[in-house]
Amino acid sequence: MRASINALTAALIVGVIVGLALTPDGRGWLRNPTLMLGSANASAGVSAGPPAPQVVATVARPEPALPAAPRVTPLSQRLAGGELVVGVIGDSMADGLWTGVYRDLRHVDGVRVVRMAEVSTGLSRYDYVNVQDKTARQLREQPIDAAVVMFGTNDAQAIEHDGVIHPFGTPGWREIYARRVDDLVALLRANDVAVYWVGLPRMKRESFDGRMSLINELVAERMAALDVPYIDTVALTSNEGGAYDAYLTATDGRRRLMRAHDGIHMSMAGYLRLTEPVTERLRADAGLTRTPDGAGG
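Residues numbered from 1 in each chain as written. Predicted model: local features only at pLDDT ≥ 70, side-chain atom pairs only at ≥ 80, totals over all residues. Heavy atoms only, no water.

**Student:** Looking at this model, I keep getting lost on the overall build of the protein chain. Mind explaining?
**Tutor:** Regarding its fold elements, the protein chain presents 8 helices and 9 strands. In the protein chain, buried positions account for 39% of the 297 residues. Partitioning the contacts of the protein chain with sequence separation of at least 6, the portion at a separation of at least 24 is 68%. Taken as a whole, the protein chain presents about 17100 Å² of accessible surface, with 56% of it coming from carbon and sulfur. (Helix = DSSP H or I, 4+ residues; strand = E, 2+ residues; numbered from the N terminus. Buried < 20%, exposed > 50% of the residue type's maximum accessible area, 1.4 Å probe, protein only. Contact = heavy atoms within 4.5 Å. Areas by Shrake-Rupley, 256 points an atom, 1.4 Å probe, with all protein chains shown as cover.)

So this is what it looks like as structure tokens:
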């Protein structure tokens, strides 16, 4: 009787093994019979799964230092070696500034001022005019030695970048705008151009003035980091109380109309007022002195 049971058991075991061998899952179990045998690597109804990935300790590396800004040939050296070309870059505000810079330096021997500004442009809407590409093209067509840059009156709007819209003043907007400022300065310096960035003046409408102040603060911060001269014009275009005033006291002591009717742009007298600190800095860096008639040389 016992022999019959043993024979039956053996036959049953052989049948199970043959059955397992005939299926893919069964053959897999035969190669690793852990689950039915109660291996410590398995739990009821849960596979052990693949081994956990090995965690490799890494040593934090310091961020690489930013490359030093390329050394730009001093303006005095440029002027001594021949012609000094000054380009005025920016939007409609820069267009008016160009007129002032041109008028102040037009009679200086060896100095030429060229207009590179374009109305309705800025650093926010590269889908409209890509200032970086436009400036690169202009530098190929007309090399310059110094760039007077003024942007911002068209920039109080959202920036679209890589399919994402960043509203004005948000962290994303600030990051992209600052990067575009940096890239423009880098492009100019890579072409051996000295950069002078002119800040935006006081604005009539309080809300718009606040937006322009945000741009001024961001740009001034970038210019300090990049070691670029930043010429602040807010105090220059404010009255004695620090507020907007269309009429300001000129150097001759008389009150003159300095602003256009829109409360944004300047009158011709206003643009000449903005020009004064700009050309004074250019003259100083180029080693120029003013003659008694104001022409300089």
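**Student:** Please explain the packing of aromatic side chains as it appears in this structure.
**Tutor:** Applying the stated criterion to the full structure yields 3 aromatic pairs. Geometrically, the ring pair formed by Trp173 and Tyr177 is stacked, given 4.6 Å between the ring centres and 15 degrees between the ring planes. With Trp173 and Tyr177 both in helix α6 (residues 171-190), this residue pair falls 4 residues apart, about one helical turn. Aromatic ring contacts, followed pair by pair, group Phe168, Trp173 and Tyr177 into a single cluster. Of note, Arg180 hangs over the ring of Tyr126, and the distance from its end group to the ring centre comes to 4.1 Å. (Phe/Tyr/Trp six-rings, centres within 6.5 Å; stacked < 30°, edge-to-face > 60°. Lys NZ or Arg CZ within 6 Å of the ring centre and 35° of its normal.)

**Student:** Just to check I follow, could you spell out the sheet that holds strand β7 (residues 230-231) for this structure?
**Tutor:** What holds strands together in a sheet is hydrogen bonding between their backbones, with the strands either parallel or antiparallel. Reading across the sheet, the 5 strands line up as β2-β1-β3-β6-β7 and stay open at both edges, with parallel pairing between neighbours. Only two strands of the sheet have a single partner each, and these edge strands are β2 (111-115) and β7. (Pairing = 2+ DSSP bridges.)

**Student:** Please clarify how helix α5 (residues 131-141) should be interpreted in this entry.
**Tutor:** Residue pairs spaced three or four apart in an α-helix point in one direction, given the helix's 3.6 residues per turn. Within α5 the residues assigned to the buried category are Val131, Lys134, Thr135, Gln138 and Leu139. Within α5, the buried residues cover an arc of 135 degrees as seen down the axis, which keeps them to one side. Along α5, exposed side chains directed more than 90 degrees from the buried face belong to Arg140 and Glu141. Of the surrounding elements, those touching the buried residues of α5 are β1 (84-90) and α6. Two or three places before Gln132, at the start of α5, stands the capping residue Asn130, its side-chain oxygen 3.1 Å from that residue's backbone nitrogen. (Arc of directions from axis to C-beta. Polar contact = N/O pair within 3.5 Å; in protein donor to acceptor, adjacent residues only side chain to side chain.)

**Student:** In this structure, what is going on with the packing of α6 against helix α7 (residues 206-226)? I would like to understand it.
**Tutor:** When two helices pack together, you describe them by how their axes are tilted relative to each other and by the distance separating the axes. Running from N to C, α6 and α7 cross one another at 45 degrees; their axes reach a closest spacing of 10 Å. By the criterion of interaxial angle, the relationship of α6 to α7 is oblique. Of the two elements, α6 crosses α7, and the hand of that crossing is right-handed. Across the interface between the two elements, Trp173, Arg174, Tyr177, Ala178, Val181, Asp182, Val185 and Arg189 from α6 touch Leu214, Ile215, Leu218, Val219, Arg222, Met223 and Leu226 from α7. When its residues are assigned to classes, the contact of α6 with α7 shows 11 nonpolar, no polar and 4 charged. (Axes fitted to C-alpha atoms, helices over the stretch in contact; angles between N-to-C directions. Parallel < 35°, antiparallel > 145°, perpendicular 65-115°, else oblique. Left-handed = near helix turned anticlockwise from the far one by under 90°. Nonpolar A, V, L, I, M, F, W, Y, C, P; charged D, E, K, R; others polar.)

**Student:** When you look at helix α8 (residues 268-286) in this model, what are you seeing that I'm missing?
**Tutor:** Here α8 contains 19 residues, and its C-alpha end-to-end distance of 26 Å stays within 8% of the 27 Å for a straight helix at 1.5 Å per residue. Along α8, the sharpest change in direction is near 35 degrees and occurs at Thr275; proline Pro277 comes one to four residues later. Listing the buried residues of α8 in full gives Gly270, Tyr271, Arg273, Leu274, Thr275, Val278, Thr279, Leu282, Arg283 and Ala286. Note on α8: the residue one or two positions beyond its end, Gly287, has a positive phi of about 75 degrees. (Expected span 1.5 Å × (residues − 1). Bend = angle between axes of the 7 residues up to and from the residue.)

**Student:** Even after reading the chapter, I still don't get the packing of α5 against α6, so can you show me in this structure?
**Tutor:** α6 packs onto α5 with a crossing angle of 10 degrees between their chain directions and a minimal axis gap of 10 Å. Judged on the interaxial angle alone, α6 and α5 are roughly parallel. Between α5 and α6, the contacting residues are Val131, Gln132, Thr135, Ala136 and Leu139 on the first element and Arg180, Asp183, Leu184, Leu187 and Leu188 on the second. Classifying every residue of the contact of α5 with α6 by side-chain character gives 6 nonpolar, 2 polar and 2 charged.

**Student:** I'm lost on the pairing of β2 in this one. Help?
**Tutor:** Two faces, one strand: in a regular strand the side chains alternate between the faces of the sheet. The pairing of β1 with β2 spans 5 bridges and is classified as parallel. Counted as the bridge partner of Gly87 is Val114 from β2. Assessed by its sense of winding, the connection that carries the chain from β1 through helix α4 (residues 92-105) to β2 is right-handed. (Right-handed = clockwise from strand over helix to strand, strands pointing away.)

**Student:** What exactly am I supposed to notice about the side chain of Asp95 here?
**Tutor:** Within the element layout of this structure, Asp95 appears in helix α4. Among residues more than four places away in sequence, those in contact with Asp95 are Arg115, Ala117 and Val119.

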